[in-house]
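# Per-entry structural report
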Amino acid sequence: MTTTTAPTPTVTNSSPVATTVMNTSTATTPVQITITTVATTVATTRNTTAFLTPTTKAITETVFKVEMSMRLDKDYTPELSDTSSTVYKDLKSQIDAVILEEYGGIPGYRGGFVTVFSEGSIITKYVLQTTQVDFDQILVENQNFRKAINSRIAPVIGAVSAIYQSSTSIIIPELTYTGASLYLKCEPPDSFSVGLISSSRWTFNGQEIKDGGRFKITTSNSMSMLEVKKVIPADSGPYSCTLNKNNLEFQQKGIVMEGNIKKAPVVRLRSEFHVRCVTGQIQPLKCCVQRPYTIKWSQGKDQLTSDSVTGEDDNCIKHDYKLESCSGSGEDQIIFTCRVDNPSNYEMTSTMTIFKENFRCNDTQYGTGLEEDRTSIECDIGQVGRRLAECQETGEWKLVEDTCIVIEINELLIESQTLDKEGVPDFVGRISKAVQKEKQNIEKSTATISAIVDILNTVANVSTAVDETVMQNILDTVDVIIGEDSRESWVILNANETSNSSSKLLASLESLSSDLQGEFSVRTPRILLNRMTFDDFFMADLNSSIVLNITTNSMSNVYITTILLSTLNIVMPTRNSTFDVSPFNTTSNETASDNAINAAVLLVKTNVKVQNVFLSYDKLNSSLTMHPQCVFWNFTLFDNIGAWDDEGCKFVSDINNIVTCSCNHLTSFSILMATDIPPSLRKALDIITYVGVGISLASLVICLVIEGYVWKAITRNSTAFMRHVSIVNTALSLLIADICFIIGASIANNPLENPGGDYELPLGPCSTATFFMHFFYLALFFWMLVSGLLLFYRTVMVFSYMSKSIMLAIGFCLGYGCPLIIAVITVAVTAPGNGYIRKSEACWLNWFETKALLAMVIPALTIVFINILIVIWVLYKMLKRGVGDAAQSDEKNTLVVITRCLVILTPLFGLTWGLGVGTMVSSTNEAIHYAFAFFNSLQGFFILLFGVLLDSKTRSLLGRKSPRTSTGSNSTRSTGAGISSLSGNNFIGRLLGRRNVYHVSQATNTNSSGATESFSNI
């Protein structure tokens, strides 16, 4: 719909004339409408000739051209496209008559007519011309018009729609500075009423703008406002808006010119710094801004005198501040403001802290400061942000924050937020040019490199088809940020636990390689890309550093893409799948220095699944010879942080500094070389574990047999009974848990035992084995807790008595009730999302996705901690008792007693499991791994040895000897309340290395059958 202004010629002293208003124009150019006002009465019938008196006066009015459309349920014929045909004329005249009848009463109506018929049943477009538009009234008339057409001509399919294309422009502000918000307003002119609109739609360069991110669309009454946040020069261009009300649309356009968006002033100064007070010292304050802007220094409301600094590309000024007095103690702060003259709302402050002490740090870049002081310096020209450093105890400034980013790259980062696939070719060309131009600034800027990675990630996400030109521009961009000069920046990025730039960069390249079209090669100084096809067999020597060999079975026309990145070892961290990132190591997502990426990184993609891949790498550093690992980058490890993984890849040979690998899948490959860990560590740990578990299983069976043999004779009082109940259930829990461990190990494929195999775990069998392992290992710990609590109870409450039934109830609630609750809750919480067990290699609780392993670690370490406290308490009581004992006053004997106590109690209370903390804190410590594997795999043997075989009463029963009993006036049973056994023998004497035991008689009770129990008093 178009607005037209109709000028009318002036007629004076003329003879009577006939004027006819003809409203048949369908063009978008202004329509001239002649309106004649006469002194006498004129005929009011439309489209008729009236004879007028000689006195006339001409006026000018604005006519709106509303484009209407409807669809008739009637067969379309070719004659309807011929305006001279009878069929066309007849249908047009019928509809024109209805238009006049139904719309003629609209205020300001000037005419209406059909403009065209088209296929789709019969799509009829017609125009209404009126000097006033009211959408509410048009909606009413549309309903009447539709009814009339239905009854006279043909049924109307759907609703009648209307579009008005306004000749007025979107309201655009004259000037907006980059970084600010640009506000565009869309509303109809005064004589055009759309009423309360239901929605609005905005486009930029023909692409619809979505509400969110940088764009905010606000619709209110008959107006819509578009806010473009953080505006950049690329936001200039054509905009359009559409105000919708039912089936009526008001459209408006506008162009944001390049002159409407201006580069904002970038003020550069030191935002905070420290100086040592020296009376009369001059402290220069420097501030810069790009030309043509000008600036001034001020302190509070006072403007400071400034001198221009010559030899600078920017407009720079300097104010010399004089330190007047250094009296008093403490620090003083003075705030200065550097303000742009026009526009005056751009300013930055500089805080100067004056201290009186001797400085710790001092250099020409950051100046002076005390320990832990922070000071900043301005970014280089063409960058925004700041560099913040902290004074260290060593007297050096350490960079702790660098947000300096190249302005042009930052603008491209902002622009990428609204990138679509149609805009990718032009966009990647511009970013490639910008990166080449700013190469030196980019290589030293972590923020800029991170921004470029984010841009490439966005490009990869929106791209669906990538040709040679697009890929050339992308690889030219990547080549700049993976060079040797960027090594320090990547070290900083990889040391940041919140940063994932290196993994994101590799993921972007992998994604783009899947979208390549055609066959071509791209080469940059550090990157080589080849895309080609092969049949059955593929072999290539890539840049004389990697040989790739792939065999397929009866396959043809296989597309393969290889991207050789010769310096990506600079970019990628060296952490592997065994790296400990949490919960004890959260300071870095880097890895220890025990690994090095010792080859180029090769990315391989095919359009079919490939399982036979051989790669031969030239070592980058031939001096590294230990433990080559063939690895690929696994993006999913460590909560999607990513790490090198050897799953599906195995080492074949290391000959003449060429490492050969075999893999059963394709992705990004390289080799890791260990620098200080022997290659046999994992294999040795497996041997220790399996041998130890085997010995434990046999020992536990023997333990249970012995306990069953001597049970009646050795459990005649409640304390001894409960102690042996704990031993039996501890042994039984460990026995079943170890059996489940062996079953789980047989279900899973170990990479060392089955290299190149399928390590994916069967969900059902593995989940079952994991559940019982979890339950019985927890039961093991809780029964060890029962043993510890029993010892504590008999040590602290010597004269207390508790019946067997109560002890048994408490023991079984703790020993099996608590583990069952924990195990069931773990399954209920993690199993629905397939996060209960690990994904590969071992049947055990998941860690990376759901942290289900914490359901084992937390209870186990808590129990170990409690038992450690109990042992410390017992040792304290022993030492306290031994102070007044002349026979035990010798320090050497006391040391022997403590050692004997620790040796006996440590395996029975599970204290060796505390070494698990060491394996988590220092995952590469050889000694801790060996100690943990040795002691805990042999725990069953230690239970047999210290819990059963070293018990003198058990030995005497096994040897058919009667144990010694105490005598007295009553027939009593002598029971040693020993440190750990409390077994009815003189076990405390065995621990303390003495035979004399102090006995305390307990009152008889109904459960003792008239007998008394004697307890050792420590």
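Residue positions are given per chain, counting from 1 as you read along its sequence in written order. For a predicted model such as this one, the threshold for reporting local features is a pLDDT of at least 70, and the threshold for listing and counting side-chain atom pairs is 80 or more; totals across whole chains, interfaces and linings nevertheless cover every residue. Based on all heavy atoms of the structure, the side-chain values leave hydrogens and waters out of the count.

## A few points about the nonpolar core
Basically, it comes down to this: The nonpolar core is taken to be a set of buried Ala, Val, Leu, Ile, Met, Phe, Trp, Tyr and Cys residues, with the residues joined through side-chain atoms within 4.5 Å. We call a residue buried when its accessible area falls under 20% of the maximum for its residue type, exposed when it is over 50%, and partly exposed in between, using a 1.4 Å probe and counting protein chains only.
Of all hydrophobic cores here, the largest spans 54 residues; its most connected members are Ile95, Tyr103, Tyr126 and Phe145. Residues Phe427, Leu456, Leu506 and Phe520 belong to the second largest nonpolar core, which totals 53 residues.

## With respect to the pairing of strand S38 (residues 558–565)
What counts here: Segments assigned H or I by DSSP are reported as helices when at least four residues long, segments assigned E as strands when at least two residues long, and all are numbered from the N terminus. Strands pair, by our definition, only if DSSP identifies at least two bridges between them.
The buried count for S38 comes to seven of eight residues, which makes it a mostly enclosed element. Pairing of strand S35 (residues 527–534) with S38 involves eight bridges; the strand directions are antiparallel. If you follow Ile527 over to S38, its bridge partner there is Leu565.

## So, the sheet that holds strand S37 (residues 546–551)
Note the following rule: Helix axes are fitted only over the stretch in contact, all axes being lines through C-alpha atoms; the angle between N-to-C directions runs from 0 to 180 degrees.
The sheet built from five strands is open, its strands ordered S36-S37-S41-S45-S44 with antiparallel pairing. Strands at the two margins of the open sheet, each flanked by one partner only, are strand S36 (537–542) and strand S44 (649–655). Pairwise comparison of adjacent strand axes, ignoring direction, gives a mean angle of 15° for this sheet. As defined by bridge partners, S44 adjoins strand S45 (residues 658–663) across six bridges and the pair is classed as antiparallel. By the bridge assignment, Asp654 is partnered in S45 with Val659.

## Here we look at the sheet that holds strand S32 (residues 397–402)
Spatial ordering of the open sheet is given by S29-S31-S32, a layout of three strands whose pairing is antiparallel. The open sheet has two free edges, formed respectively by strand S29 (374–377) and S32, since each of these has just one partner strand. Neighbour-to-neighbour, the strand axes of the sheet open up by a mean angle of 30°, direction not taken into account. Across five bridges, the pairing between strand S31 (residues 387–391) and S32 is antiparallel. Counterpart to Cys391 in the pairing with S32 is Trp397.

## Focus on helix H14 (residues 804–830)
What counts is decided by this rule: By this rule the span expected of a helix is its residue count minus one, scaled by 1.5 Å. Bend, in this description, refers to the angle at a residue between axes fitted to the seven residues ending there and the seven starting there.
The terminal C-alpha atoms of H14 lie 39 Å apart, and with 27 residues this matches the ideal 39 Å at 1.5 Å per residue to within 8%. Along H14, the sharpest kink reaches roughly 30°, centred on Cys813. Taken together, the buried positions of H14 are Met807, Gly811, Gly815, Tyr816, Pro819, Ala823, Thr826 and Thr830.

## Describing the environment of Ile171
Following the sequence through the fold, Ile171 ends up in the loop between strand S8 (156–169) and strand S9 (176–177). Between the C-alpha atom of Ile171 and that of Val256, which follows or precedes it by 85 residues, the distance is 9.8 Å.

By themselves, these observations are geometric and do not establish any function.
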